[in-house]
Amino acid sequence: MATDDLSPGTTAAREALLAAARRAARQAYASRSGVHVGAAIRSAAGQIYSGCNVENAAFPLGNCAEPAAIAAGVLAEGRDLRIAEAVVWAETADGKPFAISPCGGCRQRLSELAVGPGVLVHFAWPGPAMRGVTLGELLPFAFRMSARPAGSET
Ligand code: THU
């Protein structure tokens, strides 16, 4: 799907996305950091998928919330899933908002399946207000597999 097909969410759609991310954050298993993260994506097909972070006593084994939301979307829509908008939300164990910005790896994950570089990701950084930043701004020069050897793209 071309970048031009990007359809920015209405305020109501954005509120639904935030609500889904907040619900997901409450399900988080943040046994090490205490940072409960929820991510929600709206697919180009108009569906909302969410996920939470899951940590582990063996620290490096933890998973971020974004790949959980993406996996839920791929499970439902298959490999054609495309992300039209996303929200990342974090809070403490007792429900206090926690400033978060999507980590580098998750920027790449979102970018690969996004409708285009204009896709907005909303998050509270430095907080408390939410901001919407495009994936193109969050991750310029995103990695892509290229069928051609470096230097051959003229
Ligand atoms: N985390 C996410 O779930 N998404 C991000 O984009 C940044 C960080 C999680 C990972 C870890 O479980 C906790 O936040 C603290 O780093």
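Up top is the structure.
Everything quoted here is computed from the prediction, not taken from an experiment. (Residues numbered from 1 in each chain as written. Predicted model: local features only at pLDDT ≥ 70, side-chain atom pairs only at ≥ 80, totals over all residues. Heavy atoms only, no water.)

(A) Seen up close, the overall build of the protein. Along the protein, the regular secondary structure elements total 4 helices and 5 strands. In the protein, the order of α-helices and β-strands from amino to carboxyl end is α-β-β-α-β-α-β-β-α. For the protein, the C-alpha atoms occupy an extent of roughly 55 × 40 × 30 Å along the three principal directions. Counting only residues that meet the buried cut, the protein has 38% of its 154 residues in that class. In the protein, the proportion of contacts linking residues at least 24 apart, taken out of those at least 6 apart, comes to 61%. (Helix = DSSP H or I, 4+ residues; strand = E, 2+ residues; numbered from the N terminus. Buried < 20%, exposed > 50% of the residue type's maximum accessible area, 1.4 Å probe, protein only. Contact = heavy atoms within 4.5 Å.)

(B) Representation of the site of the ligand within the structure. If you check the shell around the ligand, you find Ser-33, Val-37, Asn-53, Glu-55, Cys-64, Ala-65, Glu-66, Ile-100, Pro-102 and Cys-103 and nothing else. Between the ligand and the protein, one listed contact pairs an oxygen atom with a side-chain N or O atom of Asn-53 at 2.9 Å. Within the backbone of Ala-65, a nitrogen or oxygen atom sits 2.8 Å from an oxygen atom of the ligand. Here the ligand, which alone exposes 380 Å², has 77% of that area covered by the protein. (Near = heavy atom within 4 Å. Polar contact = N/O pair within 3.5 Å; in protein donor to acceptor, adjacent residues only side chain to side chain. Areas by Shrake-Rupley, 256 points an atom, 1.4 Å probe, with all protein chains shown as cover.)

(C) Looking closely at the pattern of salt bridges. Applying the stated criterion across every chain, the model contains 3 salt bridges. Of the charged contacts in the structure, one is a salt bridge between Arg-14 and Glu-85, with a shortest N-O distance of 2.6 Å. In this pair, Arg-14 sits in helix α1 (residues 11-25) while Glu-85 sits in strand β3 (residues 83-91), placing the two residues 71 residues apart along the sequence. Arg-14 sits in the partly exposed class, given a relative accessible area of 28%. What makes Glu-85 buried here is its relative accessible area of 1%. The partner of Glu-85 in a salt bridge is Arg-42, and the shortest N-O contact between them spans 2.8 Å. Here Glu-85, found in strand β3, pairs with Arg-42, found in strand β1 (residues 36-43); they are 43 residues apart in sequence, far enough to count as distant. (Salt bridge = Lys/Arg side-chain N within 4 Å of Asp/Glu carboxyl O.)

(D) Highlighting unusual backbone geometry. Geometrically, the link from Trp-125 to Pro-126 is a cis peptide bond, its omega value of 0 degrees lying close to zero. Within the secondary structure, Pro-126 is located in the loop between β4 (120-123) and β5 (131-134). Positive phi is not limited to glycine here, since Phe-141 has a value of about 60 degrees. Its place among the elements puts Phe-141 in the segment after α4 (135-138).

(E) Here's a closer look at the pairing of β3. Of all 9 residues in β3, 9 are buried, a share of seventy percent or more. The sheet contact formed by β1 and β3 spans 8 bridges and is antiparallel. Its bridge partner lying in β3, Val-37 is registered against Ala-90. For the segment spanning β3, helix α3 (residues 104-113) and β4, crossover handedness is right-handed. (Pairing = 2+ DSSP bridges. Right-handed = clockwise from strand over helix to strand, strands pointing away.)

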